[in-house]
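# Observations on the model geometry
Chain residues, written in single-letter form:
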Amino acid sequence: MRLLDYHIGEYPAGSNGRLFVTRRGPGGRYVPTAGQPVPNNTYRKAWRDAREKVLTPAQHRSPLARRPYDLRHAAVSLWLNAGVPATQEAEWAGHSVHVLMRVYARCVYGQEEAARRRIEAALAQTAPGPIAPAGAAEPS
């Protein structure tokens, strides 16, 4: 939090309200009021550098978090596997339940036993008492 506070104090938000904006104008000279969005290639380079620094060589060669957008896929997959209802997750992710299930349903794994337990618990809560055989006297 201190780092973000420092950044905001040192570099005010751009005119569009963005916190991270470029301060370079024509010819690359510093212009404190420029406040233009950071170019995509700057984000990509920072992401590549960060991946190289924090991942093992094997992980770095793999598709793991190859793009910043991959973090979105990781979050949505995690939410599904954590049992977040699809309707809530679709709202958070900003798309329909149909898209959510079409894209991410194959990422769900290891939930079969937990689903069976939830069904059994729901049935136990709604089931009436034991059913008496036909012709048996009702308990009083």
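Bear in mind that the values here come from a model prediction, so they are computed numbers and not experimental data.

What counts, and where the lines are drawn
- Residues numbered from 1 in each chain as written.
- Predicted model: local features only at pLDDT ≥ 70, side-chain atom pairs only at ≥ 80, totals over all residues.
- Heavy atoms only, no water.
- Axes fitted to C-alpha atoms, helices over the stretch in contact; angles between N-to-C directions.
- Helix = DSSP H or I, 4+ residues; strand = E, 2+ residues; numbered from the N terminus.
- Parallel < 35°, antiparallel > 145°, perpendicular 65-115°, else oblique.
- Contact = heavy atoms within 4.5 Å.
- Buried < 20%, exposed > 50% of the residue type's maximum accessible area, 1.4 Å probe, protein only.
- Phe/Tyr/Trp six-rings, centres within 6.5 Å; stacked < 30°, edge-to-face > 60°.
- Salt bridge = Lys/Arg side-chain N within 4 Å of Asp/Glu carboxyl O.
- Core = buried A, V, L, I, M, F, W, Y, C linked by side-chain atoms within 4.5 Å.

## Considering the packing of helix 5 (residues 86-93) against helix 6 (residues 97-104)
Geometrically, a packed helix pair is captured by the angle between its two axes and the distance between the axes. Where helix 5 contacts helix 6, the two axes come as close as 9 Å, and the packing angle between them is 95°. One finds that helix 5 runs roughly perpendicular with respect to helix 6. For the pair formed by helix 5 and helix 6, the contact residues are Ala86, Thr87, Glu89 and Ala90 on the first element and Val97, Leu100 and Met101 on the second.

## Quick word on the environment of Ala86
Among the secondary structure elements, Ala86 is positioned in helix 5. By relative accessible area, Ala86 is classed as partly exposed at 22%. Along the backbone, Ala86 and Val76 are ten residues apart, and their C-alpha atoms lie at a distance of 10.0 Å. Sequence-distant contacts of Ala86, defined by excluding residues within four places in its chain, comprise Val97, Leu100 and Met101.

## Description of the packing of aromatic side chains
Tallied over the entire structure, the rule returns one aromatic pair. A ring pair is formed by Trp79 and Trp92, whose centres lie 5.4 Å apart and whose planes are at 75°; its orientation type is edge-to-face. Note that Trp79 is positioned in helix 4 (residues 70-81) and Trp92 in helix 5, a separation of 13 residues in sequence.

## Examining the pattern of salt bridges
Charged atoms that come close allow side chains of opposite charge to pair. The final tally for this structure, using the stated rule, is four salt bridges. A salt bridge links Arg116 to Glu112, with the shortest nitrogen-to-oxygen separation between them at 2.5 Å. Separated by four residues within a single helix, Arg116 and Glu112 lie in helix 7 (residues 112-126), roughly one turn from each other. For Arg116, a relative accessible area of 46% puts it in the partly exposed group.

## So, the nonpolar core
Core analysis: the biggest nonpolar cluster contains five residues, these being Val76, Leu80, Ala93, Leu100 and Tyr104. When contributions to this core are tallied by element, the ones reaching two or more residues are helix 4 and helix 6.

## Describing the side chain of Ser77
Tracing the sequence through the fold places Ser77 in helix 4. Taking the relative accessible area as the measure of exposure, Ser77 reaches 14% and is therefore buried.

That is the geometry; function is a separate question.
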